[in-house]
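Chain by chain, the residues:
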Amino acid sequence: MAVSLGIVVVATFAIIHLVPGDPVRAVLGPSAPAELVARTRSELGLDQPLLVQFWNYVVALVQGDLGTSLQTHRPVADTLAQRAPATLVLAGVSFVIAAVGALPIGLATAISVRSGRRRWLDLAASALVGLLIVVPNFLLAVGLVWLFAVQWHVLPVAGWGDPAQLVLPVLALAIGPMAYLARIVHVELLAVLDATYMTTARSKRLPSRLIYLRHALPNMLTSALTIGGLMLTGMVAGTVLIETIFAIPGLGTTIVSSITAKDYPMIQGVVLVYAAMVLALNLIVDLVLMSIDPRSSLAEG
Amino acid sequence: MAAQISPMRARLASPVGVTTVTGLGVVLLLAVFGPILWGTQAEATSVADRLLGASWQHPFGTDELGRDVLARVLAGTRTSVLLALGATGIAVALGIVLGLLPTVLPRVLRRMLTGLIDILLAFPWLLLALFFSAIWGASATGAMLAVGFAGIPAFARLNYTLASSIMGRDYVRAARIVGVGPLGVLVRHVLPNAAGPLLVNAAVHASGALLSFAGLSFLGLGVQSPEYDWGRLLREGIARIYVNPMAAIGPGIAIVVTGLLLTLVSDVFATTPRRGALIRNGLRGLRPARRAGSMRAASASPLELADEAAVVSSARELRIAFPGADGGAVERVHGVDLEIAPGEVVGIVGESGSGKSITAMALAGLIEQPGAVTADELRFRGVDLLAPSSPVSKRQLGLELAMVFQDPLTSLNPALTIGRQLTEAVEVHEGVSRAEARERARQALASVGIPDPERRLGQYPHEFSGGMRQRAMIAMGLMGSPRLIVADEPTTALDVTVQRQVLQNLRRAQALTRTAVLFISHDIALVAGFCDRVLVMKDGVVVEQLAADRLLVDAQHPYTKALIACVPDMTSDRTRPLPVIGETGAVRRAS
C-alpha cells in the first residue's frame, strides 16, 4: 500500500518531465516571448535540479499544496475540493445501485434455472448480460439520453444539482456493472450449490433460509466482492466519460479540459486524486474480504 | 489430430461462429475498401445539405458541413480499426517482453517487476490511458500510445502467469537439464505453448482497445479534426442529439457491433469452453424426482413402528436416472434392493461408475434434481424418502442420519467454523441452547480423538489436517442421535497412516452409539475387514451379497472373484503381473 502510494507520487511528478519536448513551450505555444517562457519555467520550478524539484513537490504535497493551475491561476487543491464531491456522489450512488440490484437478480436467476430448468431464461439472461458488458457506458448513456430525454422528455438531458439530473448518469454507469456482477453471482452460486459441503448442509435438513444464507452466501461473497471492488474502481474511471456526456462539474470534466489545455499542475493533481481513490478502494475491499473470508489475509493478497 | 481439430470446426460452423467470422470479414473489408469507396463522399461538403435529419438519401443525416454521416462512419472504419489494432499490438508486444522478462531475471528483480505490474493492474484501463494521454497530448498517435501502454500490465500479467506455469512443466525441466539456456526455453517452449491463450486474449484486448479508443476520441483526446474515427463522429453526433439522433446512434452501433464481434472471436477460438457455456449445454430438465412410492406414503403410517424395530434403511426396486448428453434420461441404478438392520455395518464395493455412491445418496434422500429416483419403497426409519418432506421428517433425518464423504476438504464448509458446523443441526432440530450445543460439540470432537477440542471449535476447516477434517465430519454425525452413518469412500483421499486412525474412529463411534453404517468403497479388502455384510455392485446392479467373513470363501459371481483376485497378498507371485479385470468382468492375467 505504501509502495503503491510512493509509485503514484513518483508517477504524477514524472508526468511533466515525460512530456516529449519542452512542456512550457507546449503550454505557451511556439510564438510566446522567451522572457515569459523563462518566467513560467521558474514558476513551475522546472529550472531547478530534478531531485530538488521532487523534494519540493513531496514537501508541498504533504502540506496539501498541489501547485497552481496554469489556466485559472488558482490553487489546484481548491479546484479539486470543489470538483471531487460530484464525482464521488456519482460513483458512490451508481455502485450502491449496481450492487444492491445485482445480488438479488443473480441469486434469483441462479436458483430459478438451477439443474437445467428454464433454459430459455438462462439463455436470455446470458445474452442480455453479454450485450450489456460489451456496450460501453458512454454509448449506453447516448442511448439513454436519446430514449428518456429526446424521445420521451421525462428526464433532463444534462446538468447537475437536481436529483432528476442524477438518474440518467447513474443508470448509464450502473447498468453494465450490475449485469456483470449479477452474472458473477449467478455462476458462483451455481458452483457453490454443487459443492459437497452443500450436500453436507442438506443432509442436516436445515431450513432453506439457513442453507442459502449461512452456507452458500459467504462462499460466493469472496469472488463477488473481488469483482465488486474492480467494478468500483472501473466506475471511478467511468465517471470521466459520463461526466463529459452529462456536463457534470466533476473531476472527469476537469482532467479532460486540463489535458486539452496542457495545464500540467492540474493534470498532476487530478491524476493523484484518482489514484488515491483507487488505492483507497482496493484497501477497503481487501479489509472487507479479510473480515469475511477466514483464508485470505493481507500478507497473501 | 482429427479429434483436436473437430471441436474447433464444430464451433466455427455453429451459428455464432459463422456470424462472427462473416461479421469480422465485413469489418475488415470496410477497413480496406471503405475509404476508397466512400472517402470522397465523406469529405464532400455541401452548404445546402447542412445538418439534415435521417432520410433515405442520408440514413444517418448530415453534419454541419453537409457531409453524409453514414459515409463518414463507413470510411472511418479504417482509422478506428487501425488505431485499435495498433494499440493492441503495442500492448501485446511490450506485454510479452515485460511478462517473460521476470522469468529470466534474478529473484529480487523479478519480485520488483511483478509487484509493479500488480500495482498497475489495480488501476482501471481508462485511468492509465488518461495518464499516458496527459503525457503525449491530445492526438491520434498520442491516444494510440496511451491505449496501448495502458494495456501492457494486463498482458504482462497474463504472460507471466502462462510462462510460469509452462516453465514448471516436465518437458521444460528436461530441456533445461540438457543445457538449453533460459532464452532458448522461452523461444522454443514457452512462446509456442502460450500462443493459443495469447491470441484469444489479444482478440478480447482488441475489443477493449476499440472501445477505449472510441472513448478517448469521444472525450476529444484522440483523433483530432479534420481526421475522424467512430469516437470522433460520436462526439460530433451527440452535440446534436435533439436535432438528429441518428448521427450519434450510427457511430455507436458501429462501435458496439465491432466490439461484440471481437469478443465473440475469443468465445469461438477459446480452447476450453467457458463455465457459462458448460452450464448452458449441460443439463436438460427431467421429470422431478420422487414419484412411485409417494402414493403409498399415507397408508403406510401404521406400519412405521414395526418397521422401525426391524430395519434402519430399506430400498426396494431402487432406480436412479440422470439426464444424458442427448437430453434423454440415463438410468444409472437398475432396481437395487437393500435393507440395513439397526447397528449393522454394510459395505458396498464396486468400481467407479458402478452406482454405489448414488445408491448411498438415494438411501440418504440426497439425490437432487435433475436426478430422478423411483422405487417401490425407499425408507429411512419409517420416513418415506419419496414423499414430500415434513418438518417432523426433516427433524428426524437431520438428527439420525449422518454423512461422511470422500474428500473432507470439500465436505466441510470453508467459510464457517468447525463449531458452527457441528452445532447447527442440533440447534435447529432440538432447539438446544448455543452453550449446550457447544459443549456437546466439544465432547464429540474429543470422542473422535481431536486434542484441545475447545480451541478447535473456533477454527476453520483449512486450519485442520485432512485426517482431522474427516474425524470432524464423523464427530458431526455424532451430534444428534445417529441411526445410520453413510460413509462414502471416507478414507480414499487420506494418507495411508491416517486412514487407519479414521477407520478406528468410525468403528469406535459405531460401537458407542450402536448406529448402522453404510460403508462405500472400491477396496474389497478394506470392506471385508470393516463390515458385517458386503454388497458387490457392478453397472448399477447388485451382483452379489454375502456376509463379510464368507467373502473369500463363498464368492460366486465372477466379478466378485475378480475383485478378490486383484488384491495382492503375502502369497502373491511377485514375478507375475497383477491381474486386471477384463471387459466381461472376468479375471485376465496380463502377460
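Small disclaimer: the values here were computed from a predicted structure and weren't measured.

**Regarding the overall build of chain A**
Along the backbone of chain A there are 12 helices and 0 strands. Computed over C-alpha atoms, the radius of gyration of chain A comes to 24 Å, more than 25% over the 19 Å expected from 2.2 N^0.38 for 301 residues, which places it beyond the range of a compact globule. Based on the C-alpha atoms only, the size of chain A along its principal axes is roughly 85 × 55 × 30 Å. Residues classed as buried in chain A amount to 51% of the 301 residues present. A fraction of 70% describes how many contacts in chain A between residues 6 or more apart in sequence connect residues 24 or more apart. Total accessible area computed for chain A in this model is approximately 13100 Å², and 69% of it derives from carbon and sulfur atoms. Of the charged side chains in chain A, 17 are positive and 15 negative; the average position of the first set lies 18 Å away from that of the second.

**What to know about the overall build of chain B**
When you go through chain B residue by residue, the secondary structure sums to 23 helices and 13 strands. Looking at chain B residue by residue over its 591 residues, the buried ones come to 50%. As displayed, chain B offers around 27200 Å² of accessible surface, 61% of which is attributable to carbon and sulfur atoms.

**A short note on the pattern of salt bridges**
Where charged atoms of side chains with opposite charge meet at close range, the side chains can pair. Residue and element names in this part refer to chain B. Taken as a whole, this structure holds 20 salt bridges over all chains when the rule is applied. A salt bridge links Glu-489 to Lys-356; the nearest nitrogen and oxygen atoms lie 3.5 Å apart. Here the residue Glu-489 occupies a position in the loop between strand S8 (484-488) and helix H20 (496-513), and Lys-356 occupies one in helix H13 (residues 356-363), the gap between them amounting to 133 residues. Residue class for Lys-356 comes out buried when judged on its relative accessible area of 5%.

**A word on empty space enclosed by the protein**
Overall, the coordinates contain 5 cavities of 30 Å³ or more when judged by the stated rule. Surrounding the largest cavity, 15 residues form its lining, Lys-204 of chain A together with Gly-398, Leu-401, Met-476 and Gly-477 of chain B being those nearest its centre. Elements supplying a minimum of two residues to the lining of the largest cavity: helix H9 (196-203) of chain A together with helix H14 (391-400), strand S7 (401-404), helix H16 (418-430) and helix H19 (466-477) of chain B.

**Details of the side chain of Ser-69 of chain A**
Residues and elements named next belong to chain A. Within the secondary structure, Ser-69 is located in the loop between helix H4 (50-62) and helix H5 (76-113). You can call Ser-69 buried: its relative accessible area is 1%. If we ignore the near neighbours within four places in the chain, the residues touching Ser-69 are Arg-74, Val-76, Asp-263 and Met-266.

**Concerning the nonpolar core**
Core analysis: the biggest nonpolar cluster contains 116 residues, and Phe-246 and Ile-255 of chain A have the highest contact counts within it. Counting residues per element, this core draws most heavily on helix H12 (residues 264-292) of chain A, which supplies 12 residues. Residues in contact with Phe-246 of chain A, not counting those within four places in the same chain, are Ala-141, Val-145, Val-157, Ala-158, Gly-159, Leu-168, Pro-169 and Ala-172 of chain A. If you look at the next biggest cluster of nonpolar residues, it comprises 83 residues, including Ile-358, Ala-364, Leu-457 and Ala-509 of chain B.

**Points about the packing of aromatic side chains**
For the coordinates displayed, the defined rule picks out 9 aromatic pairs over all chains. Seen from their ring centres, Phe-13 of chain A and Tyr-57 of chain A are 5.5 Å apart, and the 45° between their planes marks the pair as tilted. Placement of Phe-13 of chain A in helix H1 (residues 2-18) and of Tyr-57 of chain A in helix H4 is noted, with a sequence separation of 44 residues between them. Across the pair, exposure class does not vary: Phe-13 of chain A and Tyr-57 of chain A are buried alike. What links up through ring pairs into an aromatic cluster is the set Phe-131, Phe-132, Trp-136 and Phe-149 of chain B. One Lys or Arg, Arg-72 of chain B, reaches over the ring of Tyr-228 of chain B and ends 4.2 Å from the middle of that ring. The cationic tip of Arg-507 of chain B hangs over the ring face of Phe-530 of chain B; the distance from NZ or CZ to the ring centre is 4.8 Å.

**A look at the interface of chain A and chain B**
Contacts between the two partners involve 72 residues from chain A and, on the opposite side, 70 residues from chain B. For the pairing of chain A and chain B, the buried interface totals around 6200 Å² over both sides, and the portion due to carbon and sulfur atoms is 73%. On the chain A side of the interface with chain B, the three residues burying the most area are Val-134, Lys-204 and Arg-205 of chain A, jointly 12% of the side's total. Put simply, chain A and chain B have 3 salt bridges between them. Between Glu-424 of chain B and Arg-214 of chain A there is a salt bridge; the shortest N-O distance is 2.6 Å. Seen at the junction of chain A and chain B, the total is 13 residue pairs in polar contact (both at pLDDT 80 or more). Elements supplying a minimum of two residues to the side of chain A that touches chain B: H1, helix H6 (119-134), helix H7 (137-151), helix H8 (163-193), H9, helix H10 (208-246), helix H11 (251-261) and H12 of chain A. It is H10 of chain A that provides the largest number of residues to the side of chain A that touches chain B, a total of 12 residues. Class assignment of the residues belonging to the side of chain A that touches chain B gives a composition of 44 nonpolar, 17 polar and 11 charged.

**Re unusual backbone geometry**
Residue and element names in this part refer to chain B. Its identity is not glycine, yet Asp-452 carries a phi of approximately 50°, on the positive side. Its identity is not glycine, yet Glu-489 carries a phi of approximately 50°, on the positive side. Looking at Glu-489, the relative accessible area reads 7%, which means it is buried.

**Considerations on the packing of H5 of chain A against H10 of chain A**
Residues and elements named next belong to chain A. Two numbers describe how H5 lies on H10: the axes approach to 9 Å, and their chain directions differ by 145°. Crossing of H5 over H10 shows right-handed handedness. Between H5 and H10, the contacting residues are Thr-87, Leu-90, Ala-91, Ser-94, Phe-95, Ala-98, Leu-107 and Ile-111 on the first element and Tyr-212, Met-220, Gly-228, Met-231, Leu-232, Met-235, Thr-239, Ile-242 and Glu-243 on the second. Of the residues in the contact of H5 with H10, the class split is 12 nonpolar, 4 polar and 1 charged.

**A short note on the domain arrangement of chain B**
Taken domain by domain, chain B holds domain 1 (9-273) and domain 2 (342-368 + 389-556). Inter-centroid distance (C-alpha atoms) of domain 1 of chain B to domain 2 of chain B is 55 Å.

**Let's talk about the packing of H16 of chain B against helix H17 (residues 434-447) of chain B**
Residues and elements named next belong to chain B. One can describe the packing of H16 onto H17 by two numbers: an axis separation of 9 Å at closest approach and a directional angle of 125°. Taken as axis vectors, H16 and H17 run oblique relative to one another. The handedness of the crossing between H16 and H17 is right-handed. For the pair H16 and H17, contact is made by Ile-418, Arg-420, Leu-422, Thr-423, Val-426, Glu-427 and Glu-430 and by Arg-434, Ala-437, Arg-438, Arg-440, Ala-441 and Leu-445, respectively. The residue inventory of the contact of H16 with H17, partitioned by class, reads 6 nonpolar, 1 polar and 6 charged.

**Topic: the side chain of Glu-544 of chain B**
All names here are of chain B. Mapped onto the elements, Glu-544 comes out in strand S11 (residues 541-547). Salt bridges are absent for the buried Glu-544, whose nearest opposite-charge side chain, Lys-561, sits at 8.0 Å. Within polar-contact distance, the side chain of Glu-544 engages the backbone nitrogen of Gln-556 at 2.7 Å. Apart from residues no more than four positions distant in its own chain, Glu-544 is found in contact with Val-534, Leu-535, Val-536, Asp-554, Ala-555, Gln-556, His-557 and Thr-560.

**Quick notes on a nonpolar patch on the surface**
Taken together, Leu-29, Val-32, Phe-33, Ile-36 and Leu-37 of chain B make up a surface patch of nonpolar side chains, about 510 Å² in accessible area. Tracing the backbone through its elements, the reader meets Leu-29 of chain B in helix H2 (residues 15-43).

**Considerations on helix H23 (residues 558-565) of chain B**
Among the residues making up H23 of chain B, those that are buried are Tyr-559, Thr-560, Ala-562 and Leu-563 of chain B. Looking straight down H23 of chain B, one finds its buried side chains confined to an arc of 160°; they lie on one side.

**Thoughts on the sheet that holds S11 of chain B**
Residue and element names in this part refer to chain B. With mixed pairing, the 6 strands of this open sheet are ordered in space as S7-S8-S9-S3-S10-S11. The open sheet terminates on both sides in strands that have one partner only, identified here as S7 and S11. The sheet shows a mean angle of 15° between the axes of neighbouring strands, taken without regard to direction. In the packing of H14 onto the sheet, the strands contacted are S7 and S8, and the crossing angle to S7 comes to about 45°.

**A short note on the confidence of the model for chain B**
Residues and elements named next belong to chain B. Averaged over all residues, the pLDDT of chain B is 80; the fraction at 70 or higher stands at 87%. Contacts of residues 1-5 to residues separated by more than four positions or lying in other chains number 0 contacts, the stretch itself having pLDDT below 50. Here residues 271-308 is modelled with pLDDT under 50, and outside its nearest four sequence neighbours on either side it reaches 59 contacts, counting other chains as well. ipTM for the predicted complex: 0.81, alongside a pTM of 0.73.

Cut-offs and rules
Residues numbered from 1 in each chain as written. Chains lettered and ligands numbered in written order. Predicted model: local features only at pLDDT ≥ 70, side-chain atom pairs only at ≥ 80, totals over all residues. Heavy atoms only, no water. Helix = DSSP H or I, 4+ residues; strand = E, 2+ residues; numbered from the N terminus. Rg over C-alpha atoms; globule rule 2.2 N^0.38 Å. Buried < 20%, exposed > 50% of the residue type's maximum accessible area, 1.4 Å probe, protein only. Contact = heavy atoms within 4.5 Å. Areas by Shrake-Rupley, 256 points an atom, 1.4 Å probe, with all protein chains shown as cover. Lys, Arg positive; Asp, Glu negative; His and termini not counted. Charge placed at Lys NZ, Arg CZ, Asp CG, Glu CD. Salt bridge = Lys/Arg side-chain N within 4 Å of Asp/Glu carboxyl O. 1 Å grid on protein atoms, 1.4 Å probe; cavity = no way out; pocket = protein on both sides within 12 Å on 5 of 7 lines; lining within 4 Å. Points joined across faces, edges and corners; volume = space filled by probe spheres on them. Core = buried A, V, L, I, M, F, W, Y, C linked by side-chain atoms within 4.5 Å. Phe/Tyr/Trp six-rings, centres within 6.5 Å; stacked < 30°, edge-to-face > 60°. Lys NZ or Arg CZ within 6 Å of the ring centre and 35° of its normal. Buried area = accessible area lost by both parts, 1.4 Å probe. Polar contact = N/O pair within 3.5 Å; in protein donor to acceptor, adjacent residues only side chain to side chain. Nonpolar A, V, L, I, M, F, W, Y, C, P; charged D, E, K, R; others polar. Axes fitted to C-alpha atoms, helices over the stretch in contact; angles between N-to-C directions. Left-handed = near helix turned anticlockwise from the far one by under 90°. Domains from an automatic or database assignment. Parallel < 35°, antiparallel > 145°, perpendicular 65-115°, else oblique. Patch = residues over 30% accessible without salt bridge, like charges linked within 9 Å, V, L, I, M, F, W, Y side chains within 5 Å. Arc of directions from axis to C-beta. Pairing = 2+ DSSP bridges. pLDDT = per-residue confidence, 0-100.

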